[in-house]
Amino acid sequence: NGYNRIKIKYTIPPNNSTSAIVLLNKNSGDSTTFTINPAKSGLMDSVILDNLREGSYRYNIYTLNKENVPSIKQEYNFKTYGEVYKNSLTNLTVRSQNIVANSKNIQIIFFRDNSSLLAQSKFEYTNNNNLLTKFEVKNPTDTIILKDYKKGTDIMMLNGFLPNTSAFDTIYTPLKKVLLP
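Residues numbered from 1 in each chain as written. Predicted model: local features only at pLDDT ≥ 70, side-chain atom pairs only at ≥ 80, totals over all residues. Heavy atoms only, no water.

Looking at the overall build of the protein chain
Then step 1. Check the secondary structure of the protein chain and you find 1 helix and 14 strands.
Then step 2. For the protein chain, whose C-alpha radius of gyration is 23 Å, the value lies well above the compact-globule estimate of 16 Å for 181 residues.
Then step 3. Counting only C-alpha atoms, the protein chain reaches 75 × 30 × 25 Å along its principal axes.
Then step 4. Going through the 181 residues of the protein chain one by one, you find that 36% of them count as buried.
Then step 5. Here the analysis covers contacts within the protein chain between residues at least 6 apart in sequence; of these, 59% occur between residues at least 24 apart.
Then step 6. Total accessible area computed for the protein chain in this model is approximately 10900 Å², and 49% of it derives from carbon and sulfur atoms.
Then step 7. In the protein chain, 22 side chains carry a positive charge and 14 a negative one; their mean positions are 4 Å apart. (Helix = DSSP H or I, 4+ residues; strand = E, 2+ residues; numbered from the N terminus. Rg over C-alpha atoms; globule rule 2.2 N^0.38 Å. Buried < 20%, exposed > 50% of the residue type's maximum accessible area, 1.4 Å probe, protein only. Contact = heavy atoms within 4.5 Å. Areas by Shrake-Rupley, 256 points an atom, 1.4 Å probe, with all protein chains shown as cover. Lys, Arg positive; Asp, Glu negative; His and termini not counted. Charge placed at Lys NZ, Arg CZ, Asp CG, Glu CD.)

The following block contains the structure:
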């Protein structure tokens, strides 16, 4: 599950008997065949199918041996995310803000977003030396502290979301000004 793409992971049989993996798109009937490198025998591998439209996909996946005899087909469902999903995302909303006592740091408390998995937040702000400061937080909580923040200057933020736990692409909101209460 990715941004206009899917990633299919598989284990290559350890006996060098498999020569290719076939992906049969049940929506369109199209198939794609990937040659398997014999040096990867017994290892995990993956293929990525790019340039897909946002939506759900069903694939029958099977392997071919050296005589082109197919294995048993297995069906898998995938979902891609694209502009529709991206346009539905919003940056976190500030609930409150405080200047941390005896410091030049600002504490920002956000309302939680439970609609998607928030994976990352990025901030840009001006510090007390008038330098642009970039700050990144992985798996942020609802409280962020920006160090050495120059009071009265803009704080910019973008958020990166994972549509679900199996997604492998982080999808970002546009960089926007944080509105402080």
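Looking at the pattern of salt bridges
Note on pairing: side chains with opposite charge can pair once their charged atoms come close.
Then step 1. On inspection of all chains with the given rule, the structure shows 7 salt bridges.
Then step 2. Lys26 is the partner of Glu75 in a salt bridge, and the nearest nitrogen-oxygen pair spans 3.0 Å. Residue Glu75 is located in strand S6 (residues 74–80), and its partner Lys26 is located in the loop between strand S2 (18–25) and strand S3 (31–35); the two are separated by 49 residues in the primary sequence.
Then step 3. On the accessibility criterion, Lys26 (35% relative accessible area) is partly exposed.
Then step 4. We note a salt bridge from Glu124 to Lys134, for which the minimum N-O separation is 3.9 Å. Here Lys134 lies in strand S10 (residues 132–138) and Glu124 lies in strand S9 (residues 117–126), a separation of 10 residues in the sequence.
Then step 5. One salt-bridge network, in which partners are shared between bridges, spans Lys26, Arg58 and Glu75. (Salt bridge = Lys/Arg side-chain N within 4 Å of Asp/Glu carboxyl O.)

Points about the sheet that holds S6
Then step 1. Reading across from one edge, S3-S2-S5-S6 is the order of the 4 strands in this open sheet, with antiparallel pairing throughout. Looking along the sheet, the strands with just one partner apiece sit at the ends: S3 and S6. Each adjacent strand pair in this sheet contributes to an overall mean axis angle of 30 degrees, direction not counted.
Then step 2. In the sheet, strand S5 (residues 55–65) pairs with S6 via 7 bridges, with the strands oriented antiparallel. Note on S6: the bridge partner recorded for Ser56 is Lys79. (Pairing = 2+ DSSP bridges. Axes fitted to C-alpha atoms, helices over the stretch in contact; angles between N-to-C directions.)

Side note on the sheet that holds strand S8 (residues 106–110)
Then step 1. Spatial strand order, S7-S8-S11: 3 strands in an open sheet with antiparallel pairing. Edge positions in the open sheet fall to strand S7 (94–99) and strand S11 (143–146), since each of these has one partner strand only. Within the sheet, the average angular offset between the axes of one strand and its neighbour, ignoring direction, is 20 degrees.
Then step 2. The pairing of S8 with S11 spans 4 bridges and is classified as antiparallel. By the bridge assignment, Ile108 is partnered in S11 with Ile144.

Observations regarding the nonpolar core
Then step 1. Counting residues in each nonpolar core, the largest one holds 20 residues, and the members touching the most others are Ile108, Phe110, Phe123, Leu146 and Ile155.
Then step 2. Residue assignment for this core shows that the elements contributing at least two residues are S8, S9, S11 and strand S12 (155–162).
Then step 3. Among all residues touching Leu146, those that are not within four sequence positions of it are Lys104, Asn105, Ile106, Ile108, Phe123, Tyr125, Phe135 and Ile155.
Then step 4. Ile8, Ile36, Tyr59 and Ile61 belong to the second largest nonpolar core, which has 14 residues in total. (Core = buried A, V, L, I, M, F, W, Y, C linked by side-chain atoms within 4.5 Å.)

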